[in-house]
Amino acid sequence: MNLEERKKAFIELGAILKEQMIAQESGNGTDDFSMALRKAGQKNQWFTPQSIRMSFDALLTWFQQDMLDQWLMPYDAMIERQQKAKKVGVIMAGNIPMVGFHDLLCVLLSGNKIQAKCASDDSELIPAVCNIL
């Protein structure tokens, strides 16, 4: 995938997540996503529905074409020149819902592969979002 295709994948992910969050609030979320949200709250009592919603709302601002273009513009040439994807190991924090997603986003948009270890306190949300991606 080239950079534009990767950006498009994240823009589509943002649209799906927005739909999922709206459906969740109305009680019509998909089983897998709803279950991940419930399990996240059960594993970490700090992950309230409100804190999870705030995290997703913050993430959704990143998944817009103009935001991604502006953020990545200084790196476009370097990313496109990259010949071979590297495997990047990431140990993710888990103190805030989805806090490790920024690391995942950076690695994948840069054209690399990620080997991630989710924090035990946030081991439901990021895998659920990756399954959608």
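Structure first, text after, so check above.
Our subject in this report is the structure included herewith. (Residues numbered from 1 in each chain as written. Predicted model: local features only at pLDDT ≥ 70, side-chain atom pairs only at ≥ 80, totals over all residues. Heavy atoms only, no water.)

Observations regarding the overall build of the chain
- For the chain, the helix and strand inventory stands at seven helices and two strands.
- Ordering the α and β elements of the chain from the N terminus gives α-α-α-α-α-β-α-β-α.
- Whereas a compact globule of 133 residues would reach a radius of gyration of roughly 14 Å, the chain reaches 15 Å, a difference of no more than 12%.
- Judged by the C-alpha coordinates and their principal axes, the chain covers about 45 × 30 × 20 Å. (Helix = DSSP H or I, 4+ residues; strand = E, 2+ residues; numbered from the N terminus. Rg over C-alpha atoms; globule rule 2.2 N^0.38 Å.)

A short note on the nonpolar core
- Phe10, Leu17, Phe56, Phe63, Met98, Phe101 and Leu125 are the most contacted members of the largest nonpolar core, which totals 29 residues.
- Elements that contribute at least two residues to this core include exactly α1 (3–25), α2 (31–43), α3 (49–60), α4 (65–72), α6 (101–109) and α7 (125–132). (Core = buried A, V, L, I, M, F, W, Y, C linked by side-chain atoms within 4.5 Å. Buried < 20%, exposed > 50% of the residue type's maximum accessible area, 1.4 Å probe, protein only.)

Concerning the pattern of salt bridges
- For the coordinates displayed, the defined rule picks out five salt bridges.
- Notably, a salt bridge pairs Lys7 with Asp69, separated by 2.7 Å at the nearest N-O pair. Separated by 62 residues along the polypeptide, Lys7 in helix α1 and Asp69 in helix α4 bring together distant segments of the chain.
- Accessibility expressed as a relative area gives 1% for Lys7, which makes it buried. (Salt bridge = Lys/Arg side-chain N within 4 Å of Asp/Glu carboxyl O.)

So, the packing of α1 against α6
- Where α1 meets α6, the axes come as close as 10 Å, and the angle between the chain directions of the two elements is 150°. Judged by the inter-axis angle, α1 sits roughly antiparallel to α6. Across from Leu3, Arg6, Lys7, Phe10 and Leu13 in α1, the residues of α6 making contact are Phe101, Leu105, Leu108 and Leu109.
- When its residues are assigned to classes, the contact of α1 with α6 shows seven nonpolar, no polar and two charged. (Axes fitted to C-alpha atoms, helices over the stretch in contact; angles between N-to-C directions. Parallel < 35°, antiparallel > 145°, perpendicular 65-115°, else oblique. Contact = heavy atoms within 4.5 Å. Nonpolar A, V, L, I, M, F, W, Y, C, P; charged D, E, K, R; others polar.)

Concerning the packing of aromatic side chains
- Inspection of every chain in the model, using the stated rule, returns four aromatic pairs.
- Each ring, one from Phe10 and one from Phe63, has its centre 6.1 Å from the other, and the planes form 20°; the classification is stacked. In this pair, Phe10 is assigned in helix α1 and Phe63 in the loop between α3 and α4, connecting sequence segments 53 residues apart.
- Residue class for Phe10 comes out buried when judged on its relative accessible area of 3%.
- You can call Phe63 buried: its relative accessible area is 5%.
- Within the aromatic cluster, the residues linked to one another by ring pairs are Phe10, Phe63 and Phe101. (Phe/Tyr/Trp six-rings, centres within 6.5 Å; stacked < 30°, edge-to-face > 60°.)

So, the packing of α4 against α6
- Direction vectors running N to C along α4 and α6 enclose 70°, while the axes themselves pass 13 Å from each other. If you check the angle between α4 and α6, you find them roughly perpendicular. Contact residues: Leu68, Trp71 and Leu72 in α4; His102, Leu105, Cys106 and Leu109 in α6.
- When grouped by side-chain class, the residues that make up the contact of α4 with α6 number six nonpolar, one polar and no charged.

What about the layout of surface pockets?
- Size it by volume and the largest pocket reaches roughly 190 Å³.
- Residue lining of the largest pocket: Met21, Gln24, Glu25, Leu37, Arg38, Gly41, Phe47, Thr48, Pro49, Ile52 and Arg53, and that is the complete set.
- Those elements giving two or more residues to the lining of the largest pocket turn out to be α1, α2 and α3.
- Here the residues of the lining of the largest pocket are counted per class, giving five nonpolar, three polar and three charged. (1 Å grid on protein atoms, 1.4 Å probe; cavity = no way out; pocket = protein on both sides within 12 Å on 5 of 7 lines; lining within 4 Å. Points joined across faces, edges and corners; volume = space filled by probe spheres on them.)

Purely spatial values, then, with no claim about function.
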